[in-house]
2 protein chains.
Amino acid sequence: MPDTSSYTPSERTVPTRSRERASYDRELVHALLDEGYVCHLGFVRDGAPVVLPTLYGRIGDRLYVHGSTGSRPLRMAGQSDPGLAVCLTVTHVDGLVLARSAFHHSINYRSVVVHGIAHEVVDEEERRTALDALVDHVVPGRSCDSRPANAKELAATAVIRLDLEEVSAKVRTGGPNDEPEDASLPHWTGVVPLVRGYGAPIPADGLDPAVALPDYLTTL
Amino acid sequence: MPDTSSYTPSERTVPTRSRERASYDRELVHALLDEGYVCHLGFVRDGAPVVLPTLYGRIGDRLYVHGSTGSRPLRMAGQSDPGLAVCLTVTHVDGLVLARSAFHHSINYRSVVVHGIAHEVVDEEERRTALDALVDHVVPGRSCDSRPANAKELAATAVIRLDLEEVSAKVRTGGPNDEPEDASLPHWTGVVPLVRGYGAPIPADGLDPAVALPDYLTTL
């Protein structure tokens, strides 16, 4: 049986530096992707790079991105054969790393970089499943508690798929890596953690007060 | 006198959709850049896009990115003439937008996209100023309270510059945009704010307890 616990490193997914921070562990990659809300999708247009923030969803080893049928990357993926070369990156910033030396200042972060070819999804069943995954990525459980897309909305929406094959994670944790000879310098050194959380949900104008806050929001 | 309060829109910085969310206001662009820690830097390598998270600093209308002299984009910027075509994007995710319809689910966000040519900085004075800006971007005031880079560290560090010329911000705020005919559906609708903050600073192992937490960290 092939080893499915890790992705296979490629020339593009082995970093030129800080190799000890790289990981190909499938479980870690999936967890980092599921924790994010927005990815940065890169593609090439007229020879120049374009990087746009966008929502995404994951089903197994497949990522989905959606948008208006008029949006550039989605149109380009649908019109290109065999698809659109993309790089999709998700990054979590966890802390500010203050070293005694300016040189060793850093950031604690966890990121995933996916290289591949994005294809337009045309199968209606896969499109619906992907759109549910996109909604459930924003709030798990939400796709069952909202009106599904109607024919007009589906026709206005393009979905592209990117398989997780050429993918790596990169993680920096822990304190600063100061030079031993800097140990007695009089500068504070350590990590300032960045914390994320949720504020109190804000009901939309006009929401019927009889509609209670759903459980999946109280346990976020 | 030319109007310096806004950047001039270009074909690349006018979005194909949601144009009402786009802004070219210089003050807004600078504020969004200064609020971020990590940008996503896109460039083209062997015809394919690459998107990497990295630190950045800003001085006026100039962005700086640094890294090891061995890192790919920095090496490419130094070796290419007239420089390396890049797209640098910074995104803040502010809230989850839950509509009654799956279609109108969204994210409240504020992003900046910069297109341009990155040039290697070779002037030593500009390199030092840029490195200070990079450290001060992590924690304002920190560059004065750390050991400056020495000759060896400077030699190992490449700095690239990207001018803010072709740049736009995009902002989504507020509640969901549900269809009027969905108003009576029984689904909770509104916004779940995402909040960011700082945890208590964690001193590095071996920090002399006599070194107090600096003021610029207590007021973060």
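This text gives an overview of the structure that appears in the document. These numbers come from a predicted model, not from an experiment. (Residues numbered from 1 in each chain as written. Chains lettered and ligands numbered in written order. Predicted model: local features only at pLDDT ≥ 70, side-chain atom pairs only at ≥ 80, totals over all residues. Heavy atoms only, no water.)

**Quick word on the overall build of chain A**
Link 1 in the chain: Within chain A, the regular secondary structure consists of 5 helices and 11 strands.
Link 2 in the chain: Scored against the burial criterion, the 220 residues of chain A give a buried share of 55%.
Link 3 in the chain: Carbon and sulfur atoms provide 53% of the accessible area of chain A, an area that totals close to 9900 Å².
Link 4 in the chain: Here chain A contributes 21 positively and 30 negatively charged side chains, and the mean placements of these two sets differ by 5 Å. (Helix = DSSP H or I, 4+ residues; strand = E, 2+ residues; numbered from the N terminus. Buried < 20%, exposed > 50% of the residue type's maximum accessible area, 1.4 Å probe, protein only. Areas by Shrake-Rupley, 256 points an atom, 1.4 Å probe, with all protein chains shown as cover. Lys, Arg positive; Asp, Glu negative; His and termini not counted. Charge placed at Lys NZ, Arg CZ, Asp CG, Glu CD.)

**Focus: unusual backbone geometry**
Residue and element names in this part refer to chain A.
Link 1 in the chain: Between aspartate 81 and proline 82 the backbone carries a cis peptide bond, its omega angle lying at 15°.
Link 2 in the chain: Despite not being glycine, aspartate 46 has its phi angle at roughly 50°, a positive value.
Link 3 in the chain: On the secondary structure map, aspartate 46 appears in the loop between strand S2 (38-45) and strand S3 (48-55).

**A look at the pattern of salt bridges**
Link 1 in the chain: In this structure the tally under the stated criterion is 34 salt bridges over all chains.
Link 2 in the chain: Arginine 110 of chain A is paired through a salt bridge with aspartate 94 of chain A; the nearest N and O atoms lie 2.6 Å apart. Highlighted residues: arginine 110 of chain A in strand S7 (residues 106-120) and aspartate 94 of chain A in strand S6 (residues 84-98), separated in sequence by 16 residues.
Link 3 in the chain: Across the pair aspartate 182 of chain B and arginine 147 of chain A runs a salt bridge, and its minimum N-O distance is 2.8 Å. Taken together, the positions of aspartate 182 of chain B in the loop between strand S9 (166-172) and strand S10 (190-198) and arginine 147 of chain A in the loop between helix H3 (124-138) and helix H4 (151-156) put the pair across two chains.
Link 4 in the chain: Exposure remark for aspartate 182 of chain B: the relative accessible area of 4% places this residue in the buried category.
Link 5 in the chain: The network of salt bridges with shared partners includes Glu35, Asp94, Arg110 and Arg196 of chain A. (Salt bridge = Lys/Arg side-chain N within 4 Å of Asp/Glu carboxyl O.)

**A short note on the pairing of S10 of chain B**
Link 1 in the chain: Judged from the 5 bridges that link them, strand S10 (residues 190-198) of chain A and S10 of chain B form a sheet pairing that is antiparallel. Bridging across to S10 of chain B, valine 195 of chain A finds its partner in glycine 197 of chain B.
Link 2 in the chain: As paired strands, strand S11 (residues 202-203) of chain A and S10 of chain B are joined by 2 bridges and run antiparallel to one another. Each residue of the ladder has a partner; that of proline 203 of chain A, found in S10 of chain B, is glycine 190 of chain B.
Link 3 in the chain: Inspection of the sheet shows strand S6 (residues 84-98) of chain B paired to S10 of chain B by 4 bridges, in the antiparallel sense. Pairing of leucine 96 of chain B across the sheet is with valine 192 of chain B, part of S10 of chain B. (Pairing = 2+ DSSP bridges.)

**Thoughts on the side chain of aspartate 94 of chain B**
Link 1 in the chain: In terms of polar contacts, aspartate 94 of chain B uses its side chain to reach the side chain of arginine 196 of chain B, at 3.3 Å.
Link 2 in the chain: Not counting residues up to four positions away in its chain, the partners in contact with aspartate 94 of chain B are Asn108, Tyr109, Arg110, Pro193, Leu194 and Arg196 of chain B. (Polar contact = N/O pair within 3.5 Å; in protein donor to acceptor, adjacent residues only side chain to side chain. Contact = heavy atoms within 4.5 Å.)

**Considering the interface of chain A and chain B**
Link 1 in the chain: Facing 86 residues of chain A, the contacting portion of chain B comprises 86 residues.
Link 2 in the chain: Here chain A meets chain B over a buried area of about 7000 Å², counting both sides, of which 67% is carbon and sulfur.
Link 3 in the chain: Contact with chain B buries area across many residues of chain A, yet Pro49, Arg147 and Trp188 of chain A alone supply 11% of it, more than any other trio.
Link 4 in the chain: Here chain A is connected to chain B by 6 salt bridges.
Link 5 in the chain: At the junction of chain A and chain B, the tally comes to 29 residue pairs in polar contact (both at pLDDT 80 or more). (Buried area = accessible area lost by both parts, 1.4 Å probe.)

**Concerning the relation of the copies chain A and chain B**
Link 1 in the chain: In screw terms, the move from chain A to chain B is a rotation of 180° and a rise of 0.0 Å along the axis, fitting with an RMSD of 0.0 Å. Such a turn and shift between the copies fits a two-fold axis. Ranked by how close their C-alpha atoms come to the rotation axis, the residues of chain A are headed by arginine 196 of chain A, at 2.3 Å.
Link 2 in the chain: The overlap is high: 100% of the interface residues of chain A also sit at the interface in chain B, so the same surface is used on both sides. (Least-squares fit on C-alpha atoms with pLDDT ≥ 70 in both.)

**Overview of helix H3 (residues 124-138) of chain B**
All names here are of chain B.
Link 1 in the chain: In this model, H3 (15 residues) spans 22 Å end to end at C-alpha, consistent with the 21 Å of a helix rising 1.5 Å per residue.
Link 2 in the chain: Along H3, the residues classified as buried are Glu126, Arg127, Ala130, Leu131, Ala133, Leu134, Val135, His137 and Val138.
Link 3 in the chain: Its side-chain oxygen at 3.2 Å from the backbone nitrogen of glutamate 125, aspartate 123 defines the N-terminal cap of H3. (Expected span 1.5 Å × (residues − 1).)

**Things to note about the environment of leucine 134 of chain B**
All names here are of chain B.
Link 1 in the chain: Within the secondary structure layout, leucine 134 lies in helix H3.
Link 2 in the chain: Between the C-alpha atom of leucine 134 and that of glycine 57, which follows or precedes it by 77 residues, the distance is 4.3 Å.
Link 3 in the chain: Beyond its immediate stretch of four places on either side in the chain, leucine 134 contacts Leu55, Tyr56, Gly57, Tyr64, Val65 and His66.

**With respect to the pairing of strand S8 (residues 157-163) of chain B**
All names here are of chain B.
Link 1 in the chain: S8 sits mainly inside the fold: 6 of its 7 residues count as buried.
Link 2 in the chain: The sheet contact formed by strand S5 (residues 62-68) and S8 spans 7 bridges and is antiparallel. Each bridged residue has a counterpart across the sheet, and for arginine 62 the counterpart in S8 is aspartate 163.
Link 3 in the chain: Note: strand S7 (residues 106-120) against S8, 2 bridges, orientation antiparallel. Residue histidine 119 lies in a different strand from S8, and its bridge partner there is arginine 161.

**Observations concerning helix H2 (residues 72-79) of chain B**
Link 1 in the chain: Burial in H2 of chain B covers these residues: Arg72, Pro73, Leu74 and Ala77 of chain B.
Link 2 in the chain: Where the residues of H2 of chain B are buried, they touch strand S2 (38-45), strand S3 (48-55), S5, S6, S7 and S8 of chain B.

**Digging into the packing of aromatic side chains**
Link 1 in the chain: A complete count under the given rule lists 0 aromatic pairs over all chains for this structure.
Link 2 in the chain: Against the face of tyrosine 7 of chain A rests arginine 26 of chain A, its NZ or CZ located 4.4 Å from the ring centre. (Phe/Tyr/Trp six-rings, centres within 6.5 Å; stacked < 30°, edge-to-face > 60°. Lys NZ or Arg CZ within 6 Å of the ring centre and 35° of its normal.)

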